[in-house]
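Understanding the architecture of this molecule
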Amino acid sequence: TTSLKAFEAKLVGIGVSCKKKDAWYVPLNDELDADLVMSSFKELLEDESISVFGQNIKYDYKVLLNHGIRIANISFDTLLASFLINPSSNFHDLDSQALQSLNYRKISTKSLIGSGKNQLTMDFVAVQDVSQYCCEDVDITFQLKKIHEKELKKRGLTKLYTEMDLPLVKVLGD
């Protein structure tokens, strides 16, 4: 997206993964029919039988809502799970979770778009660079989901997570 503020953000592309080390990035630029791509994603994301998860999924939910897509089945959020598993930690961002849980240092957003007055937005970054960054994020989120699910179960927090925390994502997103 072009902004951290969900209601100002424009979609630059969408990343998806269905298994570890297997991710795709679909750019929404002039080379593709963005309306066709979005209508296809709308059909998938609004299907109750397809579970959708992410890192800070409330942000994605709000951005997609602004683009006319309501995610029907939000099944997991690695950010929420991290807060519940490590409530005293101040580091729940994807970079920190990747380092802590996977011992992996991922591509930083800052290395892609810079910072300060010269900071770019993702729509000004080369598609191949955004693709690599996005696919890595999606894959790490996929891997963290598996780890966090096990940890929630081990700590007896699954019911609290699924019945209290997760349902609030849509409520707060709306």
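In case you missed it, the structure is sitting above this.
Report follows, based on the coordinates. (Residues numbered from 1 in each chain as written. Predicted model: local features only at pLDDT ≥ 70, side-chain atom pairs only at ≥ 80, totals over all residues. Heavy atoms only, no water.)

**Considering the packing of helix α3 (residues 78-85) against helix α7 (residues 158-165)**
Contact geometry for α3 and α7: axes closest at 11 Å, N-to-C directions at 130°. Classified by the interaxial angle, the pair formed by α3 and α7 is oblique. Here the hand of the crossing between α3 and α7 comes out right-handed. Residues Leu80, Ala81 and Leu84 of α3 lie in contact with α7, whose contacting residues are Leu160, Tyr161 and Asp165. A per-class count over the contact of α3 with α7 returns five nonpolar, no polar and one charged. (Axes fitted to C-alpha atoms, helices over the stretch in contact; angles between N-to-C directions. Helix = DSSP H or I, 4+ residues; strand = E, 2+ residues; numbered from the N terminus. Parallel < 35°, antiparallel > 145°, perpendicular 65-115°, else oblique. Left-handed = near helix turned anticlockwise from the far one by under 90°. Contact = heavy atoms within 4.5 Å. Nonpolar A, V, L, I, M, F, W, Y, C, P; charged D, E, K, R; others polar.)

**Comments concerning unusual backbone geometry**
Positive phi outside glycine occurs at Lys21, with the angle close to 65°. The class of Lys21 is exposed, set by a relative accessible area of 64%. With a phi close to 50°, Asn103 is a non-glycine residue in the positive phi region. (Buried < 20%, exposed > 50% of the residue type's maximum accessible area, 1.4 Å probe, protein only.)

**Some words on the pattern of salt bridges**
Oppositely charged side chains may form a pair once their charged atoms are brought near each other. One pass over the full model with this rule turns up eight salt bridges. Between Arg70 and Asp174 there is a salt bridge, with its nearest N and O atoms 2.9 Å apart. With a gap of 104 residues between them, Arg70 in the loop between α2 (57-66) and β4 (74-77) and Asp174 in the segment after α8 (167-173) connect regions that are remote in the sequence. A relative accessible area of 57% places Asp174 in the exposed class. In this structure, Asp95 engages Lys106 in a salt bridge whose closest nitrogen and oxygen atoms are separated by 3.0 Å. Highlighted residues: Asp95 in helix α4 (residues 94-102) and Lys106 in the loop between α4 and α5 (109-113), separated in sequence by 11 residues. We classify Lys106 as buried; its relative accessible area is 8%. Salt bridges linked by common partners bring Asp95, Lys106 and Asp137 together as one network. (Salt bridge = Lys/Arg side-chain N within 4 Å of Asp/Glu carboxyl O.)

**Details of the side chain of His148**
Here His148 lies in helix α6 (residues 127-154). Note on His148: relative accessible area 4%, which makes it buried. Here the side chain of His148 touches Gln97 through a polar contact of 2.6 Å, side chain to side chain. Setting aside chain neighbours within four positions, we find His148 in contact with Phe76, Thr78, Ala81, Ser82, Ile85, Gln97 and Ser101. (Polar contact = N/O pair within 3.5 Å; in protein donor to acceptor, adjacent residues only side chain to side chain.)

**Considering the packing of aromatic side chains**
As enumerated under the stated definition, the model contains two aromatic pairs in all. Summarising the aromatic geometry, the rings of Phe53 and Phe142 are spaced 5.9 Å apart at their centres and angled 45° between planes, so their arrangement reads as tilted. Of this pair, Phe53 sits in strand β3 (residues 52-54) while Phe142 sits in helix α6; the two residues are 89 residues apart in sequence, bridging distant segments of the chain. For Phe53, a relative accessible area of 23% translates into the label partly exposed. For Phe142, a relative accessible area of 12% corresponds to the buried category. Relative to Tyr161, the ring of Phe76 has its centre 5.0 Å away and its plane inclined at 45°; by these criteria the two rings are tilted. With Phe76 in strand β4 and Tyr161 in helix α7, the pair connects residues that are 85 residues apart, well separated along the chain. Owing to a relative accessible area of 3%, Phe76 belongs among the buried residues under this scheme. (Phe/Tyr/Trp six-rings, centres within 6.5 Å; stacked < 30°, edge-to-face > 60°.)

By themselves, these are just geometric observations and shouldn't be taken as functional.
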